[in-house]
Amino acid sequence: MIETLLTPLEYDYMLKAIAVSGLIGGVCAFLSCFITLKGWSLMGDALSHSVVPGVAVAYALGWPFAAGAFGTGLLAAAGMAFVKTKTRLREDAVIGVVFTAFFALGLFLISIRPSSVDLRTIVFGNILGISDPDIVQVAIISGVTLAVLGLKWRDLRLFCFDANQARAIGLNVTVLHYMLLTLLSATAVAALQTVGACLVVAMLVTPGATAYLLTDRFERMIGLATAMGVGTSLAGAYASYFFDGSTGGCIVTLQSLLFILALIFAPKHGLRAARRRRRVAAHDFALEGGTRPPDAFSGLKQTRPEAGFHP
Amino acid sequence: MSTPSPIELQVNDVTVSYANGMVALRDASFRLTGGAICGLVGVNGSGKSTLFKAIMDFVRPARGTVLIGGRPVRAALKANLVAYVPQAEEVDWTFPVSVWDVVLMGRYGYMNFLRRPGAEDRSIAEESLARVGMLDFRERQIGELSGGQKKRVFLARALAQRSRVILLDEPFTGVDVTTETTIIELLRELRAAGHLMLVSTHNLGSVPEFCDQVVLINRTVLAAGPTEEVFTEANLARAFGGVLRHFRFDESTVQKHDGKAVTLLTDDERPLVFGKDGHLEYSRRAGHEQVVEQRAETEDDK
């Protein structure tokens, strides 16, 4: 029994896959706290698809894949910003138009040069076949991202929470904006290797969303999200050996399961807690025969206000 | 907090236009000196928010300058000269931060690269929370507070920032009477300490209660100066056009036998009352003896 469980660890490629998945899972999860709170989840999805043409070109020309991917990722971000400011289109339409344009171009480029890189690798990831140079690139991206987040998380938290205050105390909000955007592109590129373009957004959103349901403290949210990201990625990569299934699919399925558990059982923001609160409120209401306590629902997360400045 | 020289806010011929060609503010000029609470009054879309944005470097004026303590806006912000208390609608109340986290954010400008709070930052943050009576709530997530408590937390953040100029955006919207009194008390203390508060409000009746200066705007500065000079019926009619509702005692069912013993009741907004010449009437004589005396003399002269 034990022997069977240890079999995956006897293979070099499995050890690499598990370790790299864990690293990327942790970095993505750390970043996911900022992305979900800033409301950039859709942006994460867009960037992860926009890097595809860059990867295709980079492989065709023999460049490091990260360079190409990063290039088209930022190009897409700039494109979205440009179209948004110059037209009257709503943001979701702009994101939808721009990222699919990039993704389609990527698919097209790969299909006409099928020898350079496998389409399946990009769309679904191929962590089991990751090459050593690619591991180095992923390690560098992860190291830089962790360093920046570790040093500047308080500034980035303020930027996500209250950009006006950040500006009022003299911080350069534009720099913070591009810092977060760059980190998002970089991690999207790294995660592409593990789970593929289609599922990158899950790695960049789900752990943060799950942790958000579990706590009201930012520091704890980062801790929980990162732990879940690392845990599910290690376990998912390991388990995929036995199922002989997609590594990315396995990791993201695990993350989604944790999300569902949190959604139902979270002590304060879960469905059960909300139902309990409603019952208590109704009970009190009946007892008092009077007005409902005003904060009966205050524990529930409410809708976010529109970001911006409206004096 | 002793103040060597009073802080000054100068807005000189500021014109702001947006990308769509709309001119939000034209040739706006006024000058305020520290030790004052100034009401910024105007209808929606009159340029109140644009003026705030110009003072906080969110928009660049096409023409004109804003000087805070003699420095351009950006340098003034870097020197922590300006604090801002946002409107409740602008804040994401579900964000996972505690009251304590929010107040410490007011200290970021004084902290090092890593924004690690030092002993001084902590003691100032604590003192600021105590000053608004919110020290007991420091561990609460901000969404779990009442409307008035939320407002006080952000006021504490502005206090922790130790800025000489404080901008308050509609501070009395959605707050209870106790909080309103607390805020007004606090603003008066800050005024005594030489701070300059600029308060945007649409609640006209509250202006004479706590503002000693008023800037009336409608796409430009219509009038600026001491409250009793600026807050006249004629000026308000210019600022608000036909949007104000009137209750005229001479046309009402109030009769002679009611004398002056008529009680005005409003819901949460204070009433604004003008005398027969269109001059401002305060709700209490205390503190305005000079105005009363002066008017009595003018009346006698007639």
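Every value quoted in this text rests on a predicted model; they were computed, and no experiment measured them.

Draft legend 1. The arrangement of the side chain of Thr 210 of chain A in detail. Residue and element names in this part refer to chain A. Looking at where Thr 210 falls in the secondary structure, it is placed in helix H11 (residues 200-214). Taking relative accessible area as the criterion, Thr 210 reaches 2% and is therefore assigned buried. Those residues in contact with Thr 210 that lie beyond four places of it in its chain are Met 228, Leu 258, Phe 259 and Ala 262.

Draft legend 2. Region of the structure containing unusual backbone geometry. Residue and element names in this part refer to chain B. Even without being a glycine, Asp 27 presents a positive backbone phi close to 45°. Of note in this structure, Glu 170 is not a glycine but carries a positive phi near 45°. With respect to the secondary-structure elements, Glu 170 resides in the loop between strand S7 (165-169) and helix H6 (177-192).

Draft legend 3. Looking closely at the packing of helix H2 (residues 12-38) of chain A against helix H8 (residues 132-161) of chain A. All names here are of chain A. Orientation of H2 relative to H8, taken along the N-to-C sense of each, is 25°, at an axis distance of 10 Å. By the criterion of interaxial angle, the relationship of H2 to H8 is roughly parallel. Seen along the crossing, H2 lies across H8 with a hand that is left-handed. Taken together, the residues of the contact of H2 with H8 sort by class into 16 nonpolar, three polar and four charged.

Draft legend 4. A look at the pattern of salt bridges. Per the counting criterion, the structure on display carries 22 salt bridges over all chains. Across the pair Arg 157 of chain B and Asp 162 of chain A runs a salt bridge whose closest N-O atoms are separated by 2.9 Å. With Arg 157 of chain B in helix H5 (residues 147-160) and Asp 162 of chain A in the loop between H8 and helix H9 (163-168), the pair connects residues from two separate chains. As far as burial versus exposure is concerned, Arg 157 of chain B and Asp 162 of chain A are alike and both buried. The shortest N-O distance in the salt bridge between Arg 138 of chain B and Glu 139 of chain B comes to 4.0 Å.

Draft legend 5. The interface of chain A and chain B, seen in detail. Taken together, the contacts link 33 residues of chain A with 42 residues of chain B. Across the chain A to chain B interface the summed buried area is about 3,500 Å²; carbon plus sulfur atoms make up 56%. In this assembly, chain A and chain B are joined by four salt bridges. Counting the contacts that link chain A with chain B gives 13 residue pairs in polar contact (both at pLDDT 80 or more). For the side of chain A that touches chain B, the elements supplying multiple residues, two or more each, are H8, H9 and helix H12 (218-243) of chain A. The element contributing the most residues to the side of chain A that touches chain B is H8 of chain A, with eight residues.

Procedures and definitions
Residues numbered from 1 in each chain as written. Chains lettered and ligands numbered in written order. Predicted model: local features only at pLDDT ≥ 70, side-chain atom pairs only at ≥ 80, totals over all residues. Heavy atoms only, no water. Helix = DSSP H or I, 4+ residues; strand = E, 2+ residues; numbered from the N terminus. Buried < 20%, exposed > 50% of the residue type's maximum accessible area, 1.4 Å probe, protein only. Contact = heavy atoms within 4.5 Å. Axes fitted to C-alpha atoms, helices over the stretch in contact; angles between N-to-C directions. Parallel < 35°, antiparallel > 145°, perpendicular 65-115°, else oblique. Left-handed = near helix turned anticlockwise from the far one by under 90°. Nonpolar A, V, L, I, M, F, W, Y, C, P; charged D, E, K, R; others polar. Salt bridge = Lys/Arg side-chain N within 4 Å of Asp/Glu carboxyl O. Buried area = accessible area lost by both parts, 1.4 Å probe. Polar contact = N/O pair within 3.5 Å; in protein donor to acceptor, adjacent residues only side chain to side chain.

That's the geometry; what it means functionally is another story.
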